[in-house]
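Structural description and commentary
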Amino acid sequence: MISVNFENLKIVYLSDMEQNFVAKNAHPIKDNFITRWQAPSNIALIKYWGKTTPQLPKNASLSFTLTHAVTQTQVEFKPLENPTEKVTFSIIFEGEEKSSFRPKLEDFFANILPYQPFLAHYKLTITSQNTFPHSSGIASSASSMSALAACLVDLESQLSSLSEEEKINKISFLARLGSGSACRSTQGPMMAWGTHDSLSNSTDLFAVTAANIHPVFTDFCDAILLIDKGQKQVSSTLGHKLMHQHPYAEQRFAQANDHLAELLPILQQGDLDAFISIVEKEALHLHAMMMTSDPYFILMQPNTLSVINKIWTFRKETGIPVCFTLDAGANVHVLYPNNVAEAVNQFIEAELLQFCQNRQCVHDKVGTGIKKY
Ligand code: DP6
């Protein structure tokens, strides 16, 4: 099928699989519709870094879905007299009209209009807030794009019938077109995105839950240490692009897929030592890609390294299975099983908070994904 996107005057070719995500018989309704959804952030254990158009990952990734770091989004859909060629919307974030959010949202709506053409018949008022500190460096695109996608699919399900499975997959499918990692925030405790031989139902188009996870991982804790809350010098979008001419790109994509193959049985067995080894390697290999890009860049800060060294010393001295991971920034995610939470929290308080801006840390844990609020 060919779909014409008037706004950017481009023709979008949809594969057979993508055609399955075009809204069916979705005739716009005459009444206002309001819906509210919240979605959590997620933290990748196997990292997505490198993609092709339209938002397809170069390797499979896998993440813990979080609980407390969430975006809450309300969308009011008002029917328009005449349909427009692009999605008409306003965005209010934490009480203020946010024009700086418009370019990313305009791209998102241009990407998803072929799949939800009925959106051209509405004016959308999007009102959104985060439960985690503003500008904390915690990636909010994952939680915000999946919360918004959930609202959009809620409208679609009023217009045409969708099974629960169709709904959840469509939310992930649309969220991916806003931000890749957002597609992994819809369900818990862990989601994988990207076609992979070891995951029979995996696909590049939406994320799926990782099955048979050992109980030790289903209530894992993640203390997010806010090392640097400033604006990142290099955005993830640029970082992904730099993987196109990267000398180690192909090895990195193969390695991430190998790490996922190794990690899946470890997640089923509950082998914490093996878990720690893969998770820390993934974090450092992600940042090694940044340091070996052209142009090269470093997102870690001196305090990031101080924290990592403290974690290694504490783990060696106590035998407590605590480890770290990093996303595309300086903040450190301290990961540990719930049954050692008391000892690790004391360690964080006594030895790690000194490296955080204003001693700030967000205590989060593995969660279940999107929900209405
Ligand atoms: C390092 O999902 O933020 O957090 O698709 O361009 O929005 P876009 O990128 P984004 O990239 C996330 C990168 C990462 C790793 C991960 O979450 O897998």
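See the structure above.
Residues numbered from 1 in each chain as written. Predicted model: local features only at pLDDT ≥ 70, side-chain atom pairs only at ≥ 80, totals over all residues. Heavy atoms only, no water.

1. Observations concerning the packing of helix α3 (residues 141–159) against helix α4 (residues 164–176)
One way to put it is that α3 packs onto α4 with a least axis distance of 8 Å and a crossing angle of 130°. By the criterion of interaxial angle, the relationship of α3 to α4 is oblique. Handedness of the α3/α4 crossing: right-handed. Residue-level contacts link Met145, Ser146, Ala149, Ala150, Leu152, Val153, Glu156 and Ser157 of α3 to Lys167, Lys170, Ile171, Leu174 and Ala175 of α4. Of the residues that constitute the contact of α3 with α4, the class distribution is eight nonpolar, two polar and three charged. (Axes fitted to C-alpha atoms, helices over the stretch in contact; angles between N-to-C directions. Helix = DSSP H or I, 4+ residues; strand = E, 2+ residues; numbered from the N terminus. Parallel < 35°, antiparallel > 145°, perpendicular 65-115°, else oblique. Left-handed = near helix turned anticlockwise from the far one by under 90°. Contact = heavy atoms within 4.5 Å. Nonpolar A, V, L, I, M, F, W, Y, C, P; charged D, E, K, R; others polar.)

2. Focus: the site of the ligand
Taken together, 16 residues form the shell around the ligand, and within it Tyr48, Lys51, Ser179, Gly180 and Ser181 come nearest. At a separation of 2.6 Å, an oxygen atom of the ligand approaches a polar side-chain atom of tyrosine 48. Separating an oxygen atom of the ligand from a side-chain N or O atom of serine 181 is a distance of 2.7 Å. Here the shell around the ligand is built from residues that sort into five nonpolar, six polar and five charged. No fewer than three residues from each of domain 1 (2–212) and domain 2 (215–365) sit in the shell around the ligand. (Near = heavy atom within 4 Å. Polar contact = N/O pair within 3.5 Å; in protein donor to acceptor, adjacent residues only side chain to side chain. Domains from an automatic or database assignment.)

3. With respect to the pairing of strand β14 (residues 332–336)
With five of its five residues buried, β14 lies for the most part within the structure. Burial along β14 is two-sided: Val332, Val334 and Tyr336 facing one way and His333 and Leu335 facing the other are all buried. Where strand β12 (residues 221–225) and β14 come together, five bridges link them in antiparallel fashion. Within β14, the residue paired with cysteine 221 across the bridge is tyrosine 336. (Buried < 20%, exposed > 50% of the residue type's maximum accessible area, 1.4 Å probe, protein only. Pairing = 2+ DSSP bridges.)

4. Some words on the packing of aromatic side chains
For the coordinates displayed, the defined rule picks out 16 aromatic pairs. Ring centres of phenylalanine 64 and phenylalanine 275 lie 6.2 Å apart, and the angle between their planes is 45°; this geometry places the pair in the tilted category. Placement of the pair is phenylalanine 64 in strand β6 (residues 61–79) and phenylalanine 275 in helix α8 (residues 272–291), with a sequence separation of 211 residues. The pair phenylalanine 64 / phenylalanine 275 is uniform in exposure class, with both members buried. On the numbers, 3.9 Å between centres and 10° between planes, the contact of phenylalanine 314 with phenylalanine 347 is stacked. Remark: phenylalanine 347 occurs in helix α10 (residues 341–352) and phenylalanine 314 occurs in helix α9 (residues 302–318); sequence separation between them is 33 residues. Relative accessible area serves as the criterion here: at 12%, phenylalanine 314 is assigned to the buried category. The cationic tip of arginine 176 hangs over the ring face of phenylalanine 173; the distance from NZ or CZ to the ring centre is 5.1 Å. (Phe/Tyr/Trp six-rings, centres within 6.5 Å; stacked < 30°, edge-to-face > 60°. Lys NZ or Arg CZ within 6 Å of the ring centre and 35° of its normal.)

Geometric values such as these leave the question of function open.
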